[in-house]
Every structure is written in C-alpha cells, then in structure tokens.
Amino acid sequence: MRRSNGAGSLPAFSMMVAGVLMASVAYGSVTPAQRSISPAGNAAGDARPADAAPIAAGSAVTAMTGDTAPATAGEARTAGAVPAAGAAALSGAAAPGRCRTGALSARVGRVDAGAGQRYAPLVLTNRSTRTCWVYGFPGLVTLDRNGDALRTRPRRENVRPQRVTLRPGASAHFRMHWTEVPSGRETTCPASARLMVIPPDETAYLTTPFSARVCGDGRIDLTPATPGARL
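Predicted, not measured: the structure shown is a model, and the values here were computed from it.

> How would you sum up the nonpolar core? Please name residues and give values.
Most often, soluble globular proteins keep nonpolar side chains buried together rather than apart. Counting residues in each nonpolar core, the largest one holds 26 residues, and the members touching the most others are Leu122, Leu140, Met176, Trp178, Leu195 and Phe210. Elements with a minimum of two residues in this core: strand S3 (104-108), strand S5 (117-126), strand S6 (132-135), strand S9 (163-166), strand S10 (171-179), strand S11 (191-198), strand S12 (204-213) and strand S13 (219-222). In terms of residue count, S10 provides more of this core than any other element does, 4 residues in total. Among the nonpolar cores identified, the runner-up in size contains 5 residues, and Val141, Leu143, Met196 and Tyr205 belong to it.

> Could you give an account of the packing of aromatic side chains, with specific residues and numbers?
Counted by the stated rule, this structure contains 1 aromatic pair. Seen in terms of ring centroids, Trp178 and Phe210 are 5.2 Å apart; in terms of plane orientation they differ by 75°. Their pairing is edge-to-face. In this pair, Trp178 sits in strand S10 while Phe210 sits in strand S12, placing the two residues 32 residues apart along the sequence. According to the relative accessible area criterion, Phe210 is buried, its value standing at 3%. Its end group placed over the ring of Phe137, Arg156 keeps NZ or CZ at 5.3 Å from the ring centre. For the cation-ring pair, Arg163 lies above Trp133, with the distance from its terminal atom to the ring centre recorded as 3.8 Å.

> Quick one: what's the story with the side chain of Thr125, residue by residue and with numbers?
Mapped onto the elements of the fold, Thr125 is located in strand S5. Exposure remark for Thr125: the relative accessible area of 17% places this residue in the buried category. Of note is the side chain of Thr125, whose polar atom sits 2.6 Å from the side chain of Ser171. Dropping the residues within four chain positions of it, Thr125 is found in contact with Ala103, Leu104, Ser105, Gly169, Ala170 and Ser171.

> Give me the lowdown on the sheet that holds S9, citing residues and values where you can.
Strand order across the open sheet formed by 3 strands is S2-S6-S9, with mixed pairing between neighbours. Among the strands making up the open sheet, the edge pair consists of strand S2 (97-98) and S9. In terms of strand pairing, S2 meets S6 through 2 bridges, oriented parallel. Following the sheet pairing, Gly97 is matched in S6 by Cys132.

> Give a detailed account of unusual backbone geometry, specifying residues and quantitative values.
A positive phi angle, close to 50°, is found at Ala115, a residue other than glycine. Relative to the elements of secondary structure, Ala115 occurs in the loop between strand S4 (112-114) and S5. Looking at Ala115, the relative accessible area reads 78%, which means it is exposed. The residue Asp201 is not glycine, and still its phi comes out positive at about 70°. Turning to its location among the elements, Asp201 is positioned in the loop between S11 and S12.

> Any details on the side chain of Thr179? Residues and values, ideally.
Mapped onto the elements of the fold, Thr179 is located in strand S10. Of note is the side chain of Thr179, whose polar atom sits 3.3 Å from the backbone oxygen of Gly116. A distance of 3.2 Å separates the side chain of Thr179 from the backbone nitrogen of Val181, its partner in a polar contact. Sequence-distant contacts of Thr179, defined by excluding residues within four places in its chain, comprise Gly116, Gln117, Arg213, Val214, Cys215 and Gly216.

Conventions and cut-offs
Residues numbered from 1 in each chain as written. Predicted model: local features only at pLDDT ≥ 70, side-chain atom pairs only at ≥ 80, totals over all residues. Heavy atoms only, no water. Core = buried A, V, L, I, M, F, W, Y, C linked by side-chain atoms within 4.5 Å. Buried < 20%, exposed > 50% of the residue type's maximum accessible area, 1.4 Å probe, protein only. Helix = DSSP H or I, 4+ residues; strand = E, 2+ residues; numbered from the N terminus. Phe/Tyr/Trp six-rings, centres within 6.5 Å; stacked < 30°, edge-to-face > 60°. Lys NZ or Arg CZ within 6 Å of the ring centre and 35° of its normal. Polar contact = N/O pair within 3.5 Å; in protein donor to acceptor, adjacent residues only side chain to side chain. Contact = heavy atoms within 4.5 Å. Pairing = 2+ DSSP bridges.

In structure tokens, the structure reads:
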C-alpha cells in the first residue's frame, strides 16, 4: 500500500489490519465501565484537512464514547459552583468540545533508550483556532517503509485517565514504551517507518515518522493523555 507523506484513505486494508484498528479504537479512551458505543461525527465548524483521513467504513471501526461529566449538577450546587454548561450559557461562550482528528497534528518525540527498552512521547498538538480537549488513549498501527501494516498491540497501562484541555498550539502526550529485544520465538523484529495514530474516540487517523523495531509481537505500552509534549 503506497502512502504519501501525509495521511490518506484506507480503501484496501486487509482484514488483519481492520482487526488491529478495531482493537486500537475500542481500547482508546474508555474505561471498562464506559464501553457504550456511539456513532462518530464532526462537531459543527470542525474542518477536516487533507491529512486527517477517515477509516474506511468497511473496516467496521466504531467510535467509543469517552469522558463522563466531572460532577453532577447537585455536586456543583453543593460546592457553590455553576455547572460548566450553565457557565458557558451565562457567558455566551460555547464549552470546549473534544479534539477532532482534523484539529490535531501528531509526532513522536525524542526516544530514550536503555537496555533494549525504548520510551518516547507520542505528541498531539491542537493546530486549530479553538480550545478542545483529549481524554484517554489513542489507537496505533505501525507501518513499514512500503506503507503496509505491521503487527501492532497497543496495551493500556493501569493509569487513571484525565481530561486534558488544549488551547490553540498546546500539546498533550502519551508515553509509549516498547522493547527492541527479541523474545519467545522472535529472532528479528520488523522495522517500522511510520506510525498511524487514531486520536481518542476518533475514527480518522494521522501518520507520523516512526523508525523503530518493535519486538514482543508488536507490543507498545501506553499511558493516557498527559499535558505537555515531554515525558
């Protein structure tokens, strides 16, 4: 599968890749208690540039609901605060929405290496003119130099997610960990050239350069979204 420098559509993904994408998005931003399914759609006014490509409908990928309200109206009244929606209505300003793929750019930061272990921040930056937020975990698929998908197993670390609000130009990161030491029956590990990134709760993706040899049958451990671009 050929791929340009930016993200493209996925008209001919194999069933294996479709399964990887389903697992990536299904384990994106929800906790086990939040596994309800909802269709994805663009918020009003969210433009989707050419490098934010939707996953093909045939891949059977669905978006998962993410964050829950931080407090009930009763809790807000008890604390003497105005609920977020009410405060936005009073001020005449719309509350920030979830960051859509078209509003984001992705890159992999500096890789820290030691004893075969690799750590790097996967950085999402709000390149839009509106404030938005991210919550939870992204979906990932590694690609070789020909643009073909490699075996990828994103694994969520047991860290409680938090909502990260991104003003225009601000970034959030997810810590990635993988090993370049073959294990089990592995003798060599496939070389990746790019990384497909599906932001939390989205079905469109971004791609970014990613030169690595991910062993452990493609396992990449992830922490949830954290403010900033550095580990």
